[in-house]
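Survey of secondary and tertiary structure
Residues per chain, in single letters:
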Amino acid sequence: MSDKMTLNKSLLIPLGVFSLLVLFLALGFQLKNPHLLPSALINKPFPEFQLKDLHDSEKIRTLKDFSGEVALANVWGTWCPNCLIEHPELLRIATEEGITIYGINYNDDVDKAIAWLMRHENPYEFSVVDNEGILAIDLGVYGAPETFVIDRQGVIQFRYVGPVTHAVWQEKLLPVIEHLRRSESE
Amino acid sequence: MIPEFGHFALILALGLSLALAVLPAIGVVRQETLLMHSASSIAAGLFVFLLLSFFCLLTAFVQDDFSVTYVANNSNSALPIQYKASAVWGAHEGSFLLWALIMSGWTLAVATFSGGLNLDMKARVLSVMGALSVGFISYLLFASNPFERSLPFYPPDGADLNPLLQDFGLIVHPPMLYMGYVGFAVPFSLAIATLTTGRLDAAWARWSRPWTNAAWAFLTVGITLGSWWAYYELGWGGWWFWDAVENASFMPWLMGTALIHSLAASEKRGVFKSWTVLLAISTFSFSLLGAFLVRSGVLTSVHAFAVDPTRGLFILIFLVFVIGGSLLLYAFKASGIKSQASYQWNSREAMLLVNNLLLVVATAAVLLGTLYPLLYEVLTDGRKISVGPPYFNRVFVPIVTLLFLVMVVAPHSRWKKTSSNLLVRQHWPYLVAAPFVAITITLMMGLALQWIAIGMETLALWILFLLARKWWLSEFRISSASYLGMLASHSGIAMAILGVVVTVYYSEGRDVRMAPGDVVTLSGYEFRLEGVSRVQGPNYVADQAEFHITKSDKEIAVLRPEKRYYSVAQNVMTEADIDPGLFRDLYVALGEPIGDSAWAVRLHVKPFVRWIWFGGLLVALGGFITLLDRRYRRITKTVGKLVAGVPA
Amino acid sequence: MKFGKMKSHRRNRLLLVLFLVATVGGATTFTLLALNENINLFYSPAQINAGEAPINRRIRAGGMVREGSVKRSTSDLGVSFIISDLKNAQVTVEFEGILPDLFREGQGVITLGELNSDGVFIAEEVLAKHDENYMPPEVADVIADAHGEGQYSSGSYEATPEDEMPEMKKVEGI
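Definitions and limits used
- Residues numbered from 1 in each chain as written.
- Chains lettered and ligands numbered in written order.
- Predicted model: local features only at pLDDT ≥ 70, side-chain atom pairs only at ≥ 80, totals over all residues.
- Heavy atoms only, no water.
- Helix = DSSP H or I, 4+ residues; strand = E, 2+ residues; numbered from the N terminus.
- Buried < 20%, exposed > 50% of the residue type's maximum accessible area, 1.4 Å probe, protein only.
- Areas by Shrake-Rupley, 256 points an atom, 1.4 Å probe, with all protein chains shown as cover.
- Pairing = 2+ DSSP bridges.
- Axes fitted to C-alpha atoms, helices over the stretch in contact; angles between N-to-C directions.
- Contact = heavy atoms within 4.5 Å.
- Domains from an automatic or database assignment.
- Buried area = accessible area lost by both parts, 1.4 Å probe.
- Salt bridge = Lys/Arg side-chain N within 4 Å of Asp/Glu carboxyl O.
- Polar contact = N/O pair within 3.5 Å; in protein donor to acceptor, adjacent residues only side chain to side chain.
- Nonpolar A, V, L, I, M, F, W, Y, C, P; charged D, E, K, R; others polar.
- Patch = residues over 30% accessible without salt bridge, like charges linked within 9 Å, V, L, I, M, F, W, Y side chains within 5 Å.
- Expected span 1.5 Å × (residues − 1).
- Phe/Tyr/Trp six-rings, centres within 6.5 Å; stacked < 30°, edge-to-face > 60°.
- Lys NZ or Arg CZ within 6 Å of the ring centre and 35° of its normal.
- Bend = angle between axes of the 7 residues up to and from the residue.

Within chain B, the secondary structure is distributed over 19 helices and 11 strands. Overall, chain B is about 80 × 80 × 55 Å in size when its C-alpha atoms are taken along their principal axes. For chain B, the residues scored as buried account for 63% of the 648 residues in total. Carbon together with sulfur atoms contributes 67% to the accessible area of chain B, which is approximately 24,000 Å² in total.

Think of a sheet as strands paired side by side through backbone hydrogen bonds, with each pair either parallel or antiparallel. All names here are of chain A. Strands sit in the order β5-β4-β3-β6-β7 across an open sheet of 5 strands; the sheet is mixed. At either end of the open sheet lies a strand with only one pairing partner, and these are β5 (126–130) and β7 (156–161). Averaged over all adjacent pairs, the angle separating strand axes in this sheet is 20°, with direction ignored. Pairing between strand β6 (residues 146–150) and β7: 5 bridges, direction antiparallel. Bridge pairing links Val149 to Phe158 in β7. Lying over the sheet, helix α2 (residues 81–95) contacts β3 (71–76), β4 (100–106) and β6, oriented at roughly 160° with respect to β3.

The next point concerns the domain arrangement of chain A. Looking at chain A, the domain boundaries give domain 1 (1–32) and domain 2 (50–185). The C-alpha-based centres of domain 1 of chain A and domain 2 of chain A are spaced at 47 Å.

With that out of the way, let us pick up the domain arrangement of chain B. Residue and element names in this part refer to chain B. The domain boundaries assigned to chain B delineate domain 1 (1–164) and domain 2 (516–609). Measuring from the centre of the C-alpha atoms in domain 1 to the corresponding centre in domain 2 gives 42 Å. Between domain 1 and domain 2, the contact holds 9 residues from the first and 7 residues from the second. Summed over both partners, the interface of domain 1 with domain 2 comes to about 640 Å²; 68% of that surface belongs to carbon and sulfur atoms. Considering only the surface of domain 1 that becomes buried against domain 2, Ala78, Asp160 and Pro163 emerge as the three largest contributors, covering 63% of it. One can count 0 salt bridges joining domain 1 with domain 2. Our count for the domain 1 to domain 2 interface comes out at 0 residue pairs in polar contact (both at pLDDT 80 or more). Classifying every residue of the side of domain 1 that touches domain 2 gives 6 nonpolar, 2 polar and 1 charged.

Residues and elements named next belong to chain B. A grouping of Trp471, Trp472, Leu473, Phe476 and Ile478 is seen on the molecular surface, where their side chains present a nonpolar patch of about 500 Å² in accessible area. One can find Ile478 in the loop between α16 (451–473) and α17 (481–506). The exposure class of Ile478 is partly exposed, given its relative accessible area of 32%.

Next up on the list: helix α7 (residues 168–183) of chain B. All names here are of chain B. Spanning 16 residues, α7 covers 23 Å between terminal C-alpha atoms, matching the ideal 22 Å at 1.5 Å per step. Burial runs high along α7: 12 of the 16 residues are buried. Along α7, the residues that are buried comprise Gly169, Leu170, His173, Pro174, Pro175, Met176, Leu177, Tyr178, Gly180, Tyr181, Val182 and Gly183.

Here we take up the packing of aromatic side chains. Within this structure, the stated rule accounts for 41 aromatic pairs over all chains. For the ring pair B:Phe608 and B:Trp611, a centre distance of 4.7 Å and an interplane angle of 35° mean the geometry is tilted. Each member of the pair B:Phe608 and B:Trp611 is classed as buried. Taken together, the ring pairs in this structure connect B:Phe96, B:Trp99, B:Phe136, B:Tyr139, B:Tyr178, B:Tyr181, B:Phe314 and B:Phe318 into an aromatic cluster. Its guanidinium or amino end placed over the ring of A:Phe126, A:Arg61 lies 4.0 Å from that ring's centre, counting from NZ or CZ. Its guanidinium or amino end placed over the ring of B:Tyr525, B:Lys551 lies 4.4 Å from that ring's centre, counting from NZ or CZ.

The side chains of a regular strand alternate between the sheet's two faces. Residues and elements named next belong to chain B. Summarising the sheet, strand β3 (residues 519–522) and strand β4 (residues 525–536) pair through 4 bridges and their orientation is antiparallel. Of the residues in β4, the one forming a bridge with Val519 is Arg528. Note: β4 against strand β5 (residues 540–551), 10 bridges, orientation antiparallel. Following the sheet pairing, Phe527 is matched in β5 by Ile549. Connecting β4 to the antiparallel partner β5 that follows it, the hairpin turn spans 3 residues.

Turning our eyes to something else, we now look at the pattern of salt bridges. Charged atoms that come close allow side chains of opposite charge to pair. One pass over the structure, following the stated rule, counts 24 salt bridges over all chains. In this structure, B:Arg584 engages B:Asp579 in a salt bridge whose closest nitrogen and oxygen atoms are separated by 2.8 Å. You can call B:Arg584 buried: its relative accessible area is 17%. The salt bridge involving C:Glu124 is made with C:Arg58; its shortest N-O contact spans 2.5 Å. Highlighted residues: C:Glu124 in strand β7 (residues 121–129) and C:Arg58 in strand β2 (residues 58–65), separated in sequence by 66 residues. Linked by salt bridges that have partners in common, A:Glu89, A:Arg92, A:Glu96 and A:Glu97 make up one network.

Turning our eyes to something else, we now look at the side chain of B:Ser138. All names here are of chain B. Within the secondary structure layout, Ser138 lies in helix α6 (residues 119–143). Accessibility expressed as a relative area gives 13% for Ser138, which makes it buried. Ignoring any residue separated from it by four or fewer positions in sequence, one finds Ser138 in contact with Leu14, Ala143 and Phe314.

This part covers unusual backbone geometry. Of note in the backbone geometry, B:Ser552 takes a positive phi value of approximately 50° without being a glycine. Here B:Ser552 lies in the loop between β5 and β6 (554–559). One non-glycine residue, C:Asn56, lies in positive phi territory at about 55°. Relative to the helices and strands, C:Asn56 is located in the loop between α2 (45–49) and β2.

Residues and elements named next belong to chain B. Over its 32 residues, helix α13 (residues 348–379) runs 43 Å from end to end, which matches the ideal 46 Å to within 8%, given 1.5 Å per residue. The principal kink in α13, of about 50°, is found at Leu371, preceding the proline Pro373 by one to four residues. Burial runs high along α13: 26 of the 32 residues are buried. The first or second residue beyond α13 is Asp381, which carries a positive phi of 50°.

The alternating pattern of β3(B) places B:Val520 and B:Leu522 on a buried face, while none of B:Val519 and B:Thr521, on the opposite face, is buried. Counting the residues between successive antiparallel strands, the hairpin from β3(B) to β4(B) contains 2 residues, one of them, B:Ser523, with a positive phi of roughly 50°.

What follows is the structure, encoded as structure tokens:
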């Protein structure tokens, strides 16, 4: 094989052009996906809100209704197939693990939502109706399902985008919750 | 069970692709015939398992298995069966499985029809193709598994296929596109394999040509279908939007066009060899780049898949390895390639060179426009812009006009040297007649004279007249399939040009408010709205309007456009109705109800619009015709031999 | 070596190179110029309210369509609506034509057009995206900025019917 002849430098030009292209694509990619990096909301307090309770339209829920323990806030909707998929895990977390979960019913129909919870059981301490997406906007929610871990002071400590499967609970949420519980008991 | 089988088949396919990438390569290095021979059988196995996997997914859809997440997200029990089938490639994971399947199909085809290649070369080529498959299948298994299940709790019914996709166009358009994108992997692999040997002879070019032409023809069909589909399905009468995903398919097509011409020159005259290799690498690179752009979320587009960004990252890394690696190999190995022949400025070689140059420039211009928003955002730290059709039209049209000018003359030029005045002397009557023909026909159709339109039409007619004359002069003898293919494809382009120019300059369209009984006149046609009624479809309810169209008191057509409401996906969709014609389309679409019984309505009269797609199909046909060329026919004899002697 | 032949070879080579450079250089310049003249900058309602957006120049404006703000004319195809960032900024948009199917109150929308001297945005095109919860990234940023949260992600795990085909409907005003 008679390779390694004198390298014609101009043949490197295509490679050079490509490298430049890749650089820009990579930068652009990173720019478009900041949630691959830590969320801007971590360590910020859960936003204030005043939304109707799903099951009791006379009742207005606010931050004060959060019980002051380590809890989860979950964004869900009847239109969202992945919410249905994570539902059994949420039920398990609420009953077996004893974690309080607050529901944010996003962009949905109240009657449908109530019926849905009746059919599939209700893991939520309470759910708020966020039809205009005001709370969702403040949380930086982009879709459903999304789950936030809140500490005793009501500060967001973790955010997970996507359905909470058992694996996600074990690997992502549980460590955060245990860490919070440990540091708070010190 | 079936999804599990499908998943398992995919895993086996990964193993086989690894074997295909590695074993024949070892065979080449050690010059061990047995290992090199193994490539064909491994390729066959790879195809079989991917086909099995694909069928498992198809079965899951047809059987309404909503425990499979992908099925639940894209199907519904009320979905008509043909769309349950096509929903397999309606979204990211499944369409990528189709991509991988098609890749293995081309690989098997190369393994089977490579009688002309020696064993060493064949092993190299298949090894490269195997390596590509490793990438595709790994991506499927680790980042986009279509067989993921959501047990124990899964939805009783699916979220339904997007109504826009419930259409014949969707059934055919993506597979055709993928046949094209993936097909370019063949000339790519050939180029890589050839670079590794350090020798580049005419055989390489001759060998690549039918594969390249086939892939290119498929891509042409895919793009043509896409344009036609957008026209009747999107409801607004447009047929090309310079949208990022359209561009993603157009760029490999432009490069592919340059490649097929360059290969012809390399084969016949031994020129441009190094450029042709680079083009072969680039064309497939653009296929991959297109896949990245569409599936990574990097570009906002009407077409883009909504995909998890980590998947986009995977593709980007794959891109870097494949393209970067190829270009590196090119840089080091292409130095040894030198063209021997010389040619003059008015020779066919020179024209092909100009042709390629213009195509590359056009591709670069489209790439720039497509990526510029991203570039801008990166450079200005967040400012967002969009680049719309005005940019693309302004840049693309002049380049392509120059290209057409070359196209008028090139088929009549000679290799090495052409006598320039011969061209003009022989053809001047036709050159002069063309504009008169264009003007006459325009006036006969009662249309206004627009000089740019006349100019472009003249260009197209020049192409057609000169081709026809050449054919006539040869007493309609077709010297080869390649020649016939060239005639067909070039005529197809001319036809498409005519279609585009006439439609762009002479279409009439209007958005109006119409109540039952109202009549609107457009280009001499009277559109009368009779009324709107409710109809029931398989998975939708619709408002259907009835339009009667007349011209000079003669009834031309009755059109029934609909506004459909899909219950499951909660979607509203406009279904336009069209009266197609060779010389004009009549087009009606419903907007929204206004007031009592009135509706906002969009009406179009689009002359010659079908010529665009007929032209496109003719172009593709030309590409397919070249496959019949005598030179490649000895392959079928070799297949016979191979089939008889293929080891288990 | 025959110098005669050599010279013409070299000359041809030189001509070729010059031709290539001229073409590529010319094409590049032309392309970049065309690009600069045809990019559409995006402005948020807040920026428009603050007077940062140019008047009578083609730009894009986007935001959330305010509930109850859509008004349709009964005599022609004129329609007006208000886009906002869900805080204090809002802009009135006027459009003549058919709105896309996916246009809905309470959803994000992007419009292409010109801002007139009265601060009303005259739209030529209105783009609305499929998927109840998708917000065009520009609109998401607008709202994020208004609420001081910084950049939003543009990805969504929401498993809505993903499609390869157009999710946005483009409409041209006349």
